[in-house]
Amino acid sequence: MRSVVFLGVISLAAPLAAQPLRSLKNVPVPEPAGLSDYVRDRQALIVLGKALFWDMQAGSDGRTACATCHFHAGADHRSRNQLMDPVGEFTPNALLLDSMFPFRALADPSTRNSSILRDSAARAGSSGLFRRRFLDIVPGEAAERGEEILDAPAFTIGGMQVRRVTARNTPSSINAVFNVRNFWDGRASRVFNGFNPSGDGASAPGALVFKDGELVREPVRLDNASLASQAVGPVLDHLEMSYAGRTWPKLGKKMFSLPPLALQQVSADDSVLGPIARAGGRGLDERQSYLGMVRAAFLPKFWESGFLVNENGEILAGRTGEPHDTSEFTQAEFNFPVFWGLSLLAYQATLVSNDAPFDRFQEGDPGALTQEQQDGLRFYQTAGRCSTCHGGAEFTAASFSNNGRRAFQSTGVRPAGEDPGQGNASFKTSGLRNIELTGPYFHNGGQATLEQVVDFYARGGDFANGGLRAFNMTSTQKSALVAFLKSLTDDRVRFERAPFDHPELCVPAGHVESRPGVLVPAGSELFPRASAERWVALEAVGASGNQVPLRTFPELLAGAGGDGSRAHAMTAECTAPLP
Ligand code: HEC
Ligand code: HEC
């Protein structure tokens, strides 16, 4: 007892001590508390989560998955129509160019007080959906009924709509399970309420539970489940995946009416879905259904009742069995957000990259890091002071196993007024694993290369609100620090080997312009203002991964990799039967 008190005093006396850097292999993957009150088969839960994460049918347009923005080392890798500016004017459907980065450029990047060559509040985000209002689902069809809303002129050219773009850069879903809270501002609560990201801070309808022959409402509450809180955000968000006004029971009814991953090829060698992939076709074998997968994963009391309810979960007197229309719902349809959140958490909890050269070095292989990388590691921990915030095995104070004191920090990326983040322009300290593959960087996506990021820190940040201290750095030290950051890449991520393998995916890669600034109508009768787009395919990858590495963001800006030397060169034509 005495020694416990003693240790407590020591840690108070040294409040800023960084967590020592170490291998991620020995850090237990955080588990939601009380998961077994919901789930009966963890492997079945992962199968469901992986299918849902990659399924393009989940978006209201029947073409947008979680993976649409998280397909490249867990982040995005598109360059057309990824730019927006929440406070200033911007060109819709712009192409990201090397010459735009960094968004704030100084004549002398080593000092903040140097003359400003350009400065922009723009964000390199991710293309989401066209702005539309939800009308209803059509069971059996992936595309929902909707109508255009014309109140977002910033995302139109000449009256034609483009997909809207998120106001923050897309962080990686890999290793996100270690974050106590997710999103740049931490708004995905560690407590999952079964309905929305806000945890205990919001009222949630709870789940319908079948007990003693009756259907009763019970609150949902699981701690250590930020990824579940996160996952229930984007899917109903009218910028990311949804037409405005879509509801959970409608989404549940739609997904249960569709063959899983029907539009996409799945490798027979997929580490999770391979055994149930449809041989020589798209989707999973005909015995698979989302309802079947839910039944395999979750306790019967969450889906077994025959009672029907309305959209608010109120029992429809005298109605059981098959719903008559899209306003009647089964128990499983109503409980869909619980299935969605917990299964996506379980799948993303398998996306742990703990076998980088750095991990091997920590485990006792001195040859795993080059001498230059070891010099960079030393600089990272000393003069660079990077480890005060990016410490521990996860390289972020925002993780469970670190103390969390510097989980959210203001570092002066942008002035406080533009995006308050978690308050006073503080944002979640990013984990730095696989950072080589996930550019552009920062919540605004305003830095294209790790060299630019390191320059940013050496000059003490771009705005004084960060309170970062500038440091001196020779060009040798800078190269060493960047070389060290590249030792945090796990080759399984670089080559998309299991567990980072995945089904085929088509993503929208910008809108067609007949000449600069002139869009082409998509020719849709239902959505006359939709402009035509380019769709590119990412091929299905099995457990053994790709032959070539993922392309980096600087390589994307340089147009590299079209010769087949890089995966995700974004040139393969989409052949999926898009709805
Ligand atoms: C349209 C693009 C888009 C889609 C689709 C999308 N995301 Fe994201 N994702 C983002 C952006 C942008 C952020 C950062 C938003 C913020 O912090 O405000 C984010 C954040 C996250 C994070 C938090 C990571 C961290 O370190 O904080 C996770 C995990 C994640 N998304 C998983 C998912 C899942 C699961 C889905 C599907 C349910 C999904 N995303 C759909 C763009 C997207
Ligand atoms: C005071 C805490 C703090 C220190 C010290 C710090 N960082 Fe950061 N780091 C952050 C925060 C917070 C973010 C997210 C900032 C944002 O996007 O607004 C971040 C983001 C990053 C990113 C971008 C991550 C991404 O996915 O976009 C990189 C790379 C990075 N830091 C590297 C470093 C290096 C290298 C050092 C040392 C030279 C360092 N950091 C020092 C807190 C810190």
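Above this text you will find the structure in question.
Residues numbered from 1 in each chain as written. Chains lettered and ligands numbered in written order. Predicted model: local features only at pLDDT ≥ 70, side-chain atom pairs only at ≥ 80, totals over all residues. Heavy atoms only, no water.

Draft legend 1. Seen up close, the packing of helix 4 (residues 248-256) against helix 7 (residues 336-348). Where helix 4 meets helix 7, the closest approach of the two axes is 8 Å, and the angle between their N-to-C directions is 70°. Taken as axis vectors, helix 4 and helix 7 run roughly perpendicular relative to one another. Contacts between helix 4 and helix 7 involve W248, L251, G252, M255 and F256 from the former and F336, P337, F339 and W340 from the latter. Here the residues of the contact of helix 4 with helix 7 are counted per class, giving 8 nonpolar, 1 polar and no charged. (Axes fitted to C-alpha atoms, helices over the stretch in contact; angles between N-to-C directions. Helix = DSSP H or I, 4+ residues; strand = E, 2+ residues; numbered from the N terminus. Parallel < 35°, antiparallel > 145°, perpendicular 65-115°, else oblique. Contact = heavy atoms within 4.5 Å. Nonpolar A, V, L, I, M, F, W, Y, C, P; charged D, E, K, R; others polar.)

Draft legend 2. Structural view of the site of ligand 1. In the vicinity of ligand 1 there are 29 residues, among which C66, C69, H70, F183 and W184 approach most closely. H70 places a polar side-chain atom, nitrogen or oxygen, 2.8 Å from a nitrogen atom of ligand 1. Between a nitrogen atom of ligand 1 and a side-chain N or O atom of Q230, the distance comes to 3.1 Å. Contributions of two or more residues to the shell around ligand 1 are made by helix 3 (226-231) and helix 7. (Near = heavy atom within 4 Å. Polar contact = N/O pair within 3.5 Å; in protein donor to acceptor, adjacent residues only side chain to side chain.)

Draft legend 3. Structural view of unusual backbone geometry. Backbone torsion omega between F101 and P102 reads -10°, so that peptide bond is classified as cis. Here P102 lies in the loop between strand 1 (83-84) and strand 2 (105-106). Backbone torsion omega between G439 and P440 reads 0°, so that peptide bond is classified as cis. Despite not being glycine, H568 shows a phi value in the positive range, around 65°.

Draft legend 4. Molecular detail of helix 5 (residues 290-297). Those residues of helix 5 that fall on the buried side of the exposure criterion are Y290, M293, V294 and A297. Summarising the axial view, the buried residues of helix 5 lie within an arc of 100°, below the 170-degree limit, and thus occupy one face. Where helix 5 is buried, its residues touch helix 2 (42-54), helix 4 and helix 7. (Buried < 20%, exposed > 50% of the residue type's maximum accessible area, 1.4 Å probe, protein only. Arc of directions from axis to C-beta.)

Draft legend 5. Spatial organisation of the pattern of salt bridges. Tallying each qualifying case throughout the model produces 37 salt bridges. Among the salt bridges present, the one from E333 reaches K253, with a minimum N-O distance of 3.0 Å. Of this pair, E333 sits in helix 6 (residues 331-334) while K253 sits in helix 4, placing them 80 residues apart in sequence. As far as burial versus exposure is concerned, E333 and K253 are alike and both buried. Measuring nitrogen to oxygen at the nearest pair gives 2.8 Å for the salt bridge that ties R360 to D355. Judged by relative accessible area, R360 falls into the partly exposed class, the value being 40%. (Salt bridge = Lys/Arg side-chain N within 4 Å of Asp/Glu carboxyl O.)

Draft legend 6. Focus on helix 4. Of all 9 residues in helix 4, 9 are buried, a share of seventy percent or more. Inspection of helix 4 places W248, P249, K250, L251, G252, K253, K254, M255 and F256 among the buried residues, and these make up the whole buried set. Those residues of helix 4 that are buried lie in contact with helix 2, strand 5 (132-136), helix 5, helix 6 and helix 7.

Draft legend 7. How the structure looks around the coordination of the iron atom of ligand 2. For the iron atom of ligand 2, the protein coordination sphere consists of H390 (NE2) and Y457 (OH), at 1.9 to 2.0 Å. One can describe the donor arrangement at the iron atom of ligand 2 as octahedral, given that its 6 donor atoms subtend angles of 84 to 180° at the metal. Highlighted residues: H390 in the loop between helix 9 (371-381) and strand 13 (408-410) and Y457 in helix 10 (residues 450-458), separated in sequence by 67 residues. On the basis of relative accessibility, which here comes to 10%, the residue H390 falls in the buried class. (Donors = N, O, S within 2.8 Å, 3.2 Å for Na, K, Ca; no water. Tetrahedral: all angles 85-135°; square planar, octahedral: opposite > 155°, others 65-115°.)

Draft legend 8. The pairing of strand 15 (residues 505-511), seen in detail. The buried fraction of strand 15 amounts to 7 of the 7 residues, a majority that puts the element mostly inside the structure. Inspection of the sheet shows strand 15 paired to strand 18 (residues 533-538) by 5 bridges, in the antiparallel sense. Note that in strand 18 the partner of P508 across the bridge is W535. (Pairing = 2+ DSSP bridges.)

Draft legend 9. Local environment of the packing of aromatic side chains. One pass over the structure, following the stated rule, counts 22 aromatic pairs. Aromatic pair F358 and F395: ring centres 5.1 Å apart, planes at 75°, arrangement edge-to-face. Taken together, the residues span a long stretch of sequence, with F358 in helix 8 (residues 357-362) and F395 in the loop between helix 9 and strand 13 at a distance of 37 residues. Aromatic ring contacts, followed pair by pair, group W248, F256, F336 and W340 into a single cluster. Between the NZ or CZ atom of R132 and the centre of the ring of F527, over which it lies, the distance is 3.6 Å. Over the ring of F183 we find R187; its NZ or CZ atom is 3.9 Å from the centre of that ring. (Phe/Tyr/Trp six-rings, centres within 6.5 Å; stacked < 30°, edge-to-face > 60°. Lys NZ or Arg CZ within 6 Å of the ring centre and 35° of its normal.)

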